[in-house]
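So the chains spell out like this:
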Amino acid sequence: IVAIARQMKPTLAHGRAVYFRQMLVYFQTIVEVMLEEFLVSVFEQHPERMHDYLVSGPQKTKGFVNLKQIVDAETRERLISDLASEAARELVGGRFETALSSVQKVALLKFDEQLVKDLIALAKERNRIVHENPDLTVTREQVFECLNVVIGLSAALRPSASASQ
């Protein structure tokens with residue numbers, strides 16, 4: 001049994017390393033989904049705020065809404081909801097630092113400076129893992145720090161989500 005345990009140790013260590021890296025990627029995905037869902041709520045309550053994020057065509061015309069989308073909409077509320085989802089995807093899908101700034105502008109809120117730094121660091125680590133170094137070493141402590149960043153974002157969005165700004 002001891003010999004089998006020794007043989008498995010490198011495999012288990014590798015599995016843990018992969019798990020830690022994937023947790024960082026997962027946490028960044030959670031952050032992006034949280035921001036997107038939060039923005040949908042803001043845009044549904046304040047449709048005028050989505051203008052700059054409804055873009056279409058080769059010139060990326062702001063405020064563009066396809067006539068077919070308007071005609072096909074079952075109700076005004078459904079149209080606004082669909083447009084809010086579109087605008088939120090556009091906003092969050094851009095450069096992450098810009099997206100964070102835009103979220104604050106659109107929602108009329110100000111994130112804590114340290115939270116912004118931590119969110120940007122998480123996004124950069126995720127990009128390093130996915131695009132540059134899939135074998136990047138991530139510690140258990142880093143995983144818990146990133147979890148706390150996600151929790152911090154949730155806490156920062158909570159008061160704004162309940163207020164009708």
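Reading the values: the criteria
- Residues numbered from 1 in each chain as written.
- Predicted model: local features only at pLDDT ≥ 70, side-chain atom pairs only at ≥ 80, totals over all residues.
- Heavy atoms only, no water.
- Helix = DSSP H or I, 4+ residues; strand = E, 2+ residues; numbered from the N terminus.
- Contact = heavy atoms within 4.5 Å.
- Areas by Shrake-Rupley, 256 points an atom, 1.4 Å probe, with all protein chains shown as cover.
- Lys, Arg positive; Asp, Glu negative; His and termini not counted.
- Charge placed at Lys NZ, Arg CZ, Asp CG, Glu CD.
- Salt bridge = Lys/Arg side-chain N within 4 Å of Asp/Glu carboxyl O.
- Buried < 20%, exposed > 50% of the residue type's maximum accessible area, 1.4 Å probe, protein only.
- Axes fitted to C-alpha atoms, helices over the stretch in contact; angles between N-to-C directions.
- Left-handed = near helix turned anticlockwise from the far one by under 90°.
- Nonpolar A, V, L, I, M, F, W, Y, C, P; charged D, E, K, R; others polar.
- Patch = residues over 30% accessible without salt bridge, like charges linked within 9 Å, V, L, I, M, F, W, Y side chains within 5 Å.
- Core = buried A, V, L, I, M, F, W, Y, C linked by side-chain atoms within 4.5 Å.
- Expected span 1.5 Å × (residues − 1).
- Polar contact = N/O pair within 3.5 Å; in protein donor to acceptor, adjacent residues only side chain to side chain.

> Tell me what's going on with the overall build of the protein, and back it up with residues and numbers.
Along the backbone of the protein there are six helices and two strands. Along the protein, helices (α) and strands (β) appear in the sequence α-β-β-α-α-α-α-α when read from the amino end. In terms of overall dimensions, the protein has a C-alpha envelope of 70 × 35 × 30 Å along the principal axes. At a minimum sequence separation of 6, the contacts of the protein that also span at least 24 residues come to 74%. Per element, the accessible surface of the protein, about 10,500 Å² overall, is 55% carbon and sulfur. Looking at charge distribution, the protein has the averaged site of its 20 positive side-chain charges lying 6 Å from that of its 21 negative ones.

> Quick one: what's the story with the pattern of salt bridges, residue by residue and with numbers?
This model, assessed by the stated rule, comprises four salt bridges. We note a salt bridge from D82 to R78, for which the minimum N-O separation is 3.1 Å. Note that D82 and R78 are positioned in helix 3 (residues 76-92) at a spacing of four residues, about one turn of the helix. Taking the shortest distance from any N to any O, the salt bridge between E97 and R95 comes out at 3.7 Å. Overall, R95 belongs to the exposed group, its relative accessible area being 56%.

> Would you mind going over the packing of helix 4 (residues 96-107) against helix 5 (residues 113-132) in detail, with residue names and values included?
For the pair helix 4 and helix 5, the least separation of the axes is 10 Å and the interaxial angle reads 145°. The element helix 4 and its partner helix 5 pack so that their crossing is right-handed. Touching F96, E97, L100 and Q104 of helix 4 are V116, L119, I120, A123 and K124, all from helix 5. Partitioning the contact of helix 4 with helix 5 into residue classes produces six nonpolar, one polar and two charged.

> Account for a nonpolar patch on the surface, naming residues and giving values.
Taken together, L67, I70 and V71 make up a surface patch of nonpolar side chains, about 310 Å² in accessible area. Along the chain, I70 turns up in helix 2 (residues 67-72). Using a relative accessible area of 40% as the deciding quantity, one classes I70 as partly exposed.

> I'd love a proper account of the nonpolar core, names of residues and values included.
Judged by nonpolar contacts, the single largest core of 46 residues is most densely connected at L35, F43, L91 and F111. For this core, the secondary-structure elements that each account for two or more residues are helix 1 (2-45), helix 3, helix 4, helix 5 and helix 6 (140-162). In terms of residue count, the dominant contributor to this core is helix 1 (12 residues). Setting aside its immediate chain neighbours within four residues, L91 contacts L39, F43, Y53, A99, S102, V103 and V106.

> An account of the side chain of E125 is requested, with residue identities and associated values reported.
With respect to the element layout, E125 can be found in helix 5. Leaving out residues up to four positions away in the same chain, E125 has contacts with L24, L136 and Q142.

> Which residues make up helix 5, and what are the values?
Its 20 residues place the ends of helix 5 27 Å apart at the C-alpha level, agreeing with the 28 Å of an ideal helix rising 1.5 Å per residue. Of all the positions in helix 5, only L115, V116, L119, I120, L122, A123, E125 and I129 are classed as buried. Two or three places before Q114, at the opening of helix 5, D112 has a side-chain oxygen 3.0 Å from that residue's backbone nitrogen.

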